[in-house]
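Residues per chain, in single letters:
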There are 2 protein chains.
Amino acid sequence: MNCSDAIENREVDELFINLDPIQAGGRLTADAMKAVLSYGDGYSVCDNCGKPFRLDTIQKPPLAQFHADLASFLGMDAARLVPGARRGFLAVTHSLVSKNEPVLLTEYSHYTEFLAVEQVLGKPFEVMADSRHIITPDAVAERIEEVIRQEKRPPSLLFVEQVDYQYGNIHPVREIAAVAHQYDVPVLCNGAYSVGIMPVSGKDLGVDFLIGSGHKSMAAPAPSGVLATSSEWTEKIFRTTSITGDQTKRSFGLKEVEMLGCTLMGATAVGMMASFPHVRERVNRFGTQVAYANKVVDALLSIEGTEVASEYPRRHTLTRMNTNNSFDRVAKKHKKSGYFLISALREQGITGIIPGSTRIWKMNTYGVSDRQASYLARSFQEIARNNGLSVG
Amino acid sequence: MNCSDAIENREVDELFINLDPIQAGGRLTADAMKAVLSYGDGYSVCDNCGKPFRLDTIQKPPLAQFHADLASFLGMDAARLVPGARRGFLAVTHSLVSKNEPVLLTEYSHYTEFLAVEQVLGKPFEVMADSRHIITPDAVAERIEEVIRQEKRPPSLLFVEQVDYQYGNIHPVREIAAVAHQYDVPVLCNGAYSVGIMPVSGKDLGVDFLIGSGHKSMAAPAPSGVLATSSEWTEKIFRTTSITGDQTKRSFGLKEVEMLGCTLMGATAVGMMASFPHVRERVNRFGTQVAYANKVVDALLSIEGTEVASEYPRRHTLTRMNTNNSFDRVAKKHKKSGYFLISALREQGITGIIPGSTRIWKMNTYGVSDRQASYLARSFQEIARNNGLSVG
């Protein structure tokens, strides 16, 4: 079956164990698939929309309840759906950061955070990680001091990733937020790899903003995400419109300016909502998923010359491997060069590693079963052995 | 079947002829439904993403070709997918309008246009329609002159709807754009009810920006839309990032600032693309759809006291009716009061009119068949007769 003449059907997750770093947490649940069919039309969620005509107040389908559940799930006071985490970043920078104001990011900040700063013409400053690839509270404090010295004012905002996209390391957000707050710097926690994957409480972390990605980690269609705030910021971020038509004298009720009115409709909103009961439950099984990740990483580490670049033992399923002294040695002599690895993996029904990579590469085992984890472990070792690497 | 425990399946379009004004053009095609299942996962479109790592350059699925086809379909020089028309409005206001600068809108401007102006702190001025509910070039010229007198500068931007959401009237965008350009005012044409419904050429209209809504009129999942520009503006609106990390010295390649990188992924992007061949074809059958709309409106007009508030004969399928002197007279005496109409319609398998409305109400017959149009015509007349109104 093809989707249409020009669009081939996609069967990656049907035919393979998929280790793609960004795809693992976003695979739709069966309920989400039913939802995208039943609520595929965007305005399908508007059948029963009444005053104040806002997505987060619709009772049927139960979007109002979903918004309340999301806020509670995140340990925050208010939550709104957004078209991707990046649009959540922008809502915050646009509300908090004026032209030329300093904003603190980190060595591991995602490019969308930088673009959200660039849109408002903020001035980016990065906090560098330590040798373990961890952003430390001390480094944050130091950089804030530097910004104050240089800019004569503290940063208007600090972005920090709870789990970074490079190493999948877990950073001490609670301690970082405490330090930032000593300088009155509001803290935005990017939960793109944590919200929907592991238990996350914004209150426990003490952050002002907690943002999750629907299509990265909440088994939701794209573009989707959630922007949650503490009560202190709710009014500012979700401020309602005050513009009026100069002739008609029209005003626009309780529409929220940064949200541009309603944000997600149909497949994205209902898909996210349909997956939510599963997501809420699965975060409690994160420990098992981490154990599976470690099983695979341990098998890789048993291959001579192989190192894990991420913190170890793994505390997250997204992992950065260093196989410069193992698979890349093979690649140098193999007739398929660097492509030998993805090719051998695909023969075993495994995909998701960047084709050609044999030096530094990432994988995400999130969502595998115990049996699949064992299979992955054996497969990597077998590929190593078949290519003359010793496995100990 | 339910989508999940808490979410009832939606069957509005399966069980009824649906006249909902905003839903008619957004119903997914069968190909779009296949696409949202096959490409339900957001990052599914990223399987084969390579340099420069941008949605509009992906070859498989054929998103690069789709972007080029979209620009050509719209008669514009460049097109990008956006998470809803409103995010397209914002990309333009954010690029063109600074704080306190005047922006021209119209009496029929959608609230999302106002919010896009409010986000950048622009100053809104409205052009009022004439007695036929048409925005005229003369009125636009007059208002520009007024703005220049009052603000000592012309508006930074003019928003104009090709088809307005209130009356479904077609406004003389080409003539309006010509007038605005005499004052060097760039023109954004809101094609939310035209792009994907009727043939639209931005070049013919002479507009600088043409924006369409995927979920309103292109049979695509929400949030989706298209922002197209003439070559003069491409560089400004789709400017690429220039921000860098101060420590890592990272920069972010060819990511576009206003797009925040990639915009639509998975179900929304591929759903829109899967519907596109159908959409490109259906705009050529718009004349037939307008004929069906007129058939239904004529039947309504045959009911004593009934008036059409929109221009007549209809040139679009979205129509505003005035039944103050017909259905509302019935409502005043009916035991179901204003709900008698929707109730009677639903008994006939028709829905989409706002429940309780019997004075001024809107319907959109877009997508009906000839037989359904005749059925609608007969049904309205029958309901009128059954309630003591004469039909002539």
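Just so you know, these numbers come straight off a predicted model, no measurement behind them. (Residues numbered from 1 in each chain as written. Chains lettered and ligands numbered in written order. Predicted model: local features only at pLDDT ≥ 70, side-chain atom pairs only at ≥ 80, totals over all residues. Heavy atoms only, no water.)

## Quick look at the domain arrangement of chain A
Residues and elements named next belong to chain A.
- Here chain A is partitioned into domain 1 (12-22 + 285-386) and domain 2 (28-283).
- If you average the C-alpha positions of domain 1 and of domain 2, the two centres end up 31 Å apart.
- Every contact between the two is made by 15 residues of domain 1 and, on the other side, 19 residues of domain 2.
- A combined buried area of about 1,500 Å² lies between domain 1 and domain 2, and 48% of that area is made up of carbon and sulfur atoms.
- For the domain 1 face of the interface with domain 2, the top three residues by lost area are Arg285, His316 and Tyr366, together amounting to 35%.
- Counting across the domain 1 and domain 2 interface gives 1 salt bridge.
- For Arg285, the salt bridge goes to Glu281, with nearest N and O atoms at 2.6 Å.
- Applying the counting rule to domain 1 against domain 2 returns 14 residue pairs in polar contact (both at pLDDT 80 or more).
- Among the elements that make up the side of domain 1 that touches domain 2, the one with the highest residue count is strand β10 (residues 318-322) (3 residues). (Domains from an automatic or database assignment. Contact = heavy atoms within 4.5 Å. Buried area = accessible area lost by both parts, 1.4 Å probe. Salt bridge = Lys/Arg side-chain N within 4 Å of Asp/Glu carboxyl O. Polar contact = N/O pair within 3.5 Å; in protein donor to acceptor, adjacent residues only side chain to side chain. Helix = DSSP H or I, 4+ residues; strand = E, 2+ residues; numbered from the N terminus.)

## Describing the interface of chain A and chain B
- Each partner contributes to the interface: chain A provides 89 residues, whereas chain B provides 89 residues.
- Taking both partners together, chain A and chain B bury about 7,500 Å²; carbon and sulfur atoms supply 59% of that area.
- Run the count over chain A and chain B and you get 8 salt bridges.
- A salt bridge links Asp47(B) to Arg10(A); its shortest N-O distance comes to 2.5 Å.
- Counting the contacts that link chain A with chain B gives 52 residue pairs in polar contact (both at pLDDT 80 or more).
- At the level of secondary structure, the elements contributing two or more residues to the side of chain A that touches chain B comprise α1 (12-15), α2 (30-38), α4 (85-96), α5 (111-119), β4 (123-127), α9 (214-217) and α11 (267-282) of chain A.
- Element by element, the count of residues in the side of chain A that touches chain B is highest for α5(A), at 8 residues.
- Broken down by class, the residue content of the side of chain A that touches chain B amounts to 42 nonpolar, 25 polar and 22 charged. (Nonpolar A, V, L, I, M, F, W, Y, C, P; charged D, E, K, R; others polar.)

## With respect to the pattern of salt bridges
Residue and element names in this part refer to chain A.
- Scanning the entire structure with this criterion turns up 46 salt bridges over all chains.
- Arg80 is the partner of Glu256 in a salt bridge, and the nearest nitrogen-oxygen pair spans 2.8 Å. Of this pair, Glu256 sits in the loop between α10 (231-237) and α11 while Arg80 sits in strand β2 (residues 78-82); the two residues are 176 residues apart in sequence, bridging distant segments of the chain. As far as burial versus exposure is concerned, Glu256 and Arg80 are alike and both buried. (Buried < 20%, exposed > 50% of the residue type's maximum accessible area, 1.4 Å probe, protein only.)

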